[in-house]
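# Geometric and topological summary
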Amino acid sequence: METFRLHNVLSSLYILFPFIFLANSAHAAPYQTRIHETGSTFGAPDPYGPWQMIPSNPTEDLTYIKTTNTGTGRVEVHIASGSSGFRTRTLEVGTTFVSEDNGTWQLIDADGDGRPDLVYIKTRNTGTGRVEVHIASASSNYQTRILQTGTTFYPEDNGFWQMADFDHDGKLDLIYIKTRNTGTGKVEVHVASGASNYQKRIQDVGTTFYPEDNGVWQMVDFDRDGKLDLAYIKTQNTETGKVEVHVASGSSTYNTRVQEVGTTFYPEINGFWELSDFNHDGVLDLVYIKTQNTGTGSVEVHVASGKS
């Protein structure tokens, strides 16, 4: 009976004062609950290249692009399946690329066949005197290059480089998030279109963020409106004393922040951070691939849910 009366009271309050309930729900924060914490098949430390999550089922797969100190003398791609809890390696292969580390490496589907191709954004020591884009296809087991080109950008390393389909034309665009030495005095987003073979800029803009390098910057569709947003995973010198997620919306051309929140993680820089939909629920989660100083002695995957 008491439960029934309480339910009626709450229902009446909601009808009379719905803003109270909405305000409370609006304050529920994402990234407070860890939904995955596990070691993997990879021994730690292994600091010889970038780590990344790629789409798969039922959860994402763990990838390692090993760029130096490789057994094959080539850049290598290693993948551990999410379905095995990252215990089983589904791919270990040398690629067409000789070992080097003069830029940014990324696995992403570039040719539309649903498989992650190996992209090398070479930002220094390039033959063309420009930032270059090199892509080796997954269909060739990373032995055949399907693109090698200079771009509109002169070589520099003042920020983060990334490939993504910015303008939704089915072709990957080249994105440069410039975080220091900017002309506007703000963090800037620069985009060269894939349709122009990276010769034409389709965006050059300052943002709401002042220049800083206390974490990781990434372009993602955070608010699911079809436009890429600018995300900053701040891993050091945070006001909350936790790793923080800050997001400026693409719809505001990065001038309005739609997320600023502390997370379940304490600040540390022993691995790779990213926002991705780890569990395929349509909401971006915070993933930490810890590659050094791990408790298990292996590379670990830690995930905090993006759901509030």
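Parameters at a glance
Residues numbered from 1 in each chain as written. Predicted model: local features only at pLDDT ≥ 70, side-chain atom pairs only at ≥ 80, totals over all residues. Heavy atoms only, no water. Helix = DSSP H or I, 4+ residues; strand = E, 2+ residues; numbered from the N terminus. Rg over C-alpha atoms; globule rule 2.2 N^0.38 Å. Buried < 20%, exposed > 50% of the residue type's maximum accessible area, 1.4 Å probe, protein only. Contact = heavy atoms within 4.5 Å. Pairing = 2+ DSSP bridges. Axes fitted to C-alpha atoms, helices over the stretch in contact; angles between N-to-C directions. pLDDT = per-residue confidence, 0-100. Phe/Tyr/Trp six-rings, centres within 6.5 Å; stacked < 30°, edge-to-face > 60°. Lys NZ or Arg CZ within 6 Å of the ring centre and 35° of its normal. Salt bridge = Lys/Arg side-chain N within 4 Å of Asp/Glu carboxyl O.

### A few points about the overall build of the protein
Looking only at helices and strands, the protein has two helices and 20 strands in total. Taken over C-alpha atoms, the radius of gyration comes to 21 Å for the protein, in line with the 19 Å a tight globule of 308 residues would show. Based on the C-alpha atoms only, the size of the protein along its principal axes is roughly 75 × 45 × 35 Å. Counting all 308 residues of the protein, 49% fall into the buried class. For the protein, contacts bridging at least 24 residues in sequence account for 43% of all contacts bridging at least 6.

### Some details on the sheet that holds strand β13 (residues 201–206)
Spatially, the four strands line up as an open sheet ordered β10-β11-β12-β13, and their pairing is antiparallel. In this open sheet, the two strands that pair with only one neighbour each are β10 (159–164) and β13. Pairs of neighbouring strands in the sheet enclose a mean axial angle of 15°, with direction left out of account. Of the pairings in the sheet, the one linking strand β12 (residues 188–192) to β13 comprises five bridges and is antiparallel in character. From the neighbouring strand, Val191 faces β13, where its bridge partner is Gln203.

### What about the confidence of the model for the protein?
Parts of the prediction with low pLDDT should not have their coordinates interpreted in detail. Here the protein averages 92 in pLDDT, and 91% of its residues register 70 or above. For residues 1–26, every residue scores under 50 in pLDDT, and the model assigns this stretch four contacts once sequence neighbours within four places are set aside.

### Focus: the pairing of strand β19 (residues 285–290)
Most of β19 is tucked away, with six of its six residues classed as buried. Of the two faces of β19, both are covered, the one formed by Asp285, Val287 and Ile289 as well as the one formed by Leu286, Tyr288 and Lys290. Bridge count for strand β18 (residues 271–276) against β19 is six bridges, and the pairing is antiparallel. Bridging across to β19, Glu274 finds its partner in Val287. Where β19 lies against strand β20 (residues 298–304), five bridges are found, and the strand directions are antiparallel. Bridge assignment links Leu286 to a residue of β20, and that residue is Ala304.

### As for the packing of aromatic side chains
Each pair of aromatic rings is reported with the distance of its centres and the angle of its planes. Summed over all chains, the structure comprises 16 aromatic pairs. Note on Phe153 and Trp161: the rings are 5.1 Å apart at their centroids and 85° apart in plane angle, and the pair reads as edge-to-face. Given the relative accessible area of 3%, Phe153 is considered buried. Through a chain of ring-to-ring contacts, three or more aromatic side chains come together here, namely Phe42, Trp51 and Tyr64. Across the ring face of Tyr266, the terminal group of Lys242 is positioned such that the distance to the ring centre comes to 4.5 Å.

### Re the pattern of salt bridges
Scanning all chains against the criterion turns up ten salt bridges. The salt bridge involving Arg34 is made with Glu37; its shortest N-O contact spans 2.9 Å. By relative accessible area, which is 32% here, Arg34 ends up partly exposed. Across the salt bridge formed by Lys178 and Glu156, the nearest N and O atoms sit 3.4 Å from each other. A residue pair is termed long-range when its members are at least 10 positions apart, and Lys178 in strand β11 (residues 173–178) and Glu156 in the loop between β9 (145–150) and β10 qualify at 22 residues. Here Lys178 falls in the buried class, since its relative accessible area comes to 14%. By relative accessible area, Glu156 is classed as partly exposed at 22%.

### Thoughts on the environment of Asn69
Tracing the backbone through its elements, the reader meets Asn69 in the loop between β3 (61–66) and β4 (74–80). In sequence terms Asn69 and Tyr210 are 141 residues apart; their C-alpha atoms lie 37 Å from each other.

### Digging into the sheet that holds strand β6 (residues 103–108)
Pairing within the open sheet is antiparallel, and its four strands lie in the order β6-β7-β8-β9. In this open sheet, the two strands that pair with only one neighbour each are β6 and β9. Within this sheet the neighbouring strands show an average axis-to-axis angle of 15°, counted without direction.

### Re the pairing of β4
Successive side chains on a regular strand alternate, one facing one side of the sheet and the next facing the other. When you tally the buried positions in β4, you get six out of seven residues, the bulk of the element. As judged from the five bridges shared by β3 and β4, these two strands associate in the antiparallel manner. Within β4, the residue paired with Lys66 across the bridge is Glu76.

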